[in-house]
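# Architecture at a glance
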Amino acid sequence: EKAGEIRSPLTLDRVVYLCERVLRIFQRHRYKYSCLKRSLLLYHFLRYYQVSVVINFGVKWMDAGLTGHSWLTLDEAPYLEPPGKPDLFTHFFSLPGDPDDLPDREEPQAADSPSLEDVSFD
């Protein structure tokens, strides 16, 4: 490659590989790897490269309380995700989302209900 020469665009596989590699490097330096960090990083770069992914958020009850998971979908199917994992969580939000798809909020949340601030993403 000559000085000033433009490199060829990254392939989709290369973008995914580089995102995964960055996360592994951070993990070695005591930054906890999580599905949220992975989903946000992949979402950012895939959208930058005009891949129409959607980031999804879900929750489920576990022994330790409410836990969350985030994952990507492409054409309404899980993308770069182990088969069946999103099905274990109750989906509650997606980005970008259609405001018409949001549920109607008729009653305020009960005081004893968990807040999303109490959710940990693995």
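Everything below is about the structure shown above.
Residues numbered from 1 in each chain as written. Predicted model: local features only at pLDDT ≥ 70, side-chain atom pairs only at ≥ 80, totals over all residues. Heavy atoms only, no water.

## Digging into the overall build of the chain
The condition is simple: Runs of H or I in DSSP of at least four residues are treated as helices and runs of E of at least two as strands, each being numbered from the N terminus. Burial classes: relative accessible area under 20% of the type maximum marks a residue as buried, over 50% as exposed, and values in between as partly exposed (1.4 Å probe, protein chains only). The contact criterion used is simple: two residues touch if any of their non-hydrogen atoms lie within 4.5 Å. Reported accessibility uses the Shrake-Rupley method at a 1.4 Å probe radius. Residues are deemed covered only where the shown protein chains occlude them.
Along its length, the chain carries 2 helices and 5 strands. Its helices and strands taken in sequence order, the chain reads α-α-β-β-β-β-β from the N to the C terminus. In the chain, which comprises 122 residues, the share counted as buried stands at 28%. Within the chain, contacts between residues at least 6 apart in sequence are counted, and of these 56% link residues at least 24 apart. Roughly 9,500 Å² of accessible area belongs to the chain as shown, and the carbon and sulfur atoms make up 54% of that amount.

## Details of the nonpolar core
Put simply, the rule is: Only buried residues count toward a nonpolar core. Its members are Ala, Val, Leu, Ile, Met, Phe, Trp, Tyr and Cys residues joined through side-chain atoms within 4.5 Å.
Ranked by size, the top nonpolar core spans 12 residues in total: Val 15, Val 16, Cys 19, Leu 42, Tyr 43, Leu 46, Val 51, Val 53, Ile 55, Phe 57, Leu 72 and Tyr 79. Looking at this core, the elements that each hand over two or more residues are helix H1 (12–28), helix H2 (35–48) and strand S1 (54–62). Once residues lying within four places of it in the same chain are set aside, the contact partners of Tyr 43 are Val 53, Val 54, Ile 55, Leu 72, Leu 95 and Pro 96.

## Details of a nonpolar patch on the surface
Put simply, the test is: What makes a patch is a set of residues exposed beyond 30% relative accessible area and free of salt bridges, joined within 9 Å when like-charged and within 5 Å when nonpolar (Val, Leu, Ile, Met, Phe, Trp, Tyr). For this document, the term salt bridge refers to a Lys or Arg side-chain nitrogen within 4 Å of an Asp or Glu carboxyl oxygen.
Where nonpolar side chains cluster on the molecular surface, the patch consists of Leu 10, Tyr 17, Leu 18, Phe 45, Tyr 48 and Tyr 49 and spans about 580 Å² of accessible area. If you list the elements that add at least two residues to the nonpolar patch, you get H1 and H2. With respect to the helices and strands, Tyr 49 occurs in the loop between H2 and S1.

## Topic: the packing of aromatic side chains
The geometry of an aromatic ring pair is captured by two quantities: the separation of the ring centres and the angle between the planes. Spelled out, the test is: Aromatic rings from Phe, Tyr and Trp, with only the six-membered ring used for Trp, were paired whenever their centres fell within 6.5 Å, and each pair was classed as stacked if the ring planes differed by under 30 degrees, edge-to-face if by over 60, and tilted otherwise. A ring is considered to have a charge above it if a Lys NZ or an Arg CZ atom is located within 6 Å of its centre and within 35 degrees of its normal.
Counting across every chain of the model gives 2 aromatic pairs. Aromatic pair Tyr 48 and Tyr 49: ring centres 5.1 Å apart, planes at 80 degrees, arrangement edge-to-face. For Tyr 49, a relative accessible area of 36% puts it in the partly exposed group. One Lys or Arg, Lys 60, reaches over the ring of Phe 89 and ends 4.8 Å from the middle of that ring.

## Regarding the pattern of salt bridges
Summed over all chains, the structure comprises 2 salt bridges. Note that Arg 38 is salt-bridged to Glu 20, the shortest N-O span being 2.8 Å. One end of the pair, Arg 38, is in helix H2; the other, Glu 20, is in helix H1, and 18 residues separate them in sequence. For Arg 38, a relative accessible area of 14% gives the class buried. Two residues, Glu 81 and Arg 38, come together in a salt bridge whose shortest N-O distance is 3.9 Å. Placement of the pair is Glu 81 in the loop between strand S3 (77–79) and strand S4 (90–95) and Arg 38 in helix H2, with a sequence separation of 43 residues. An identical accessibility class is assigned to Glu 81 and Arg 38; each is buried.

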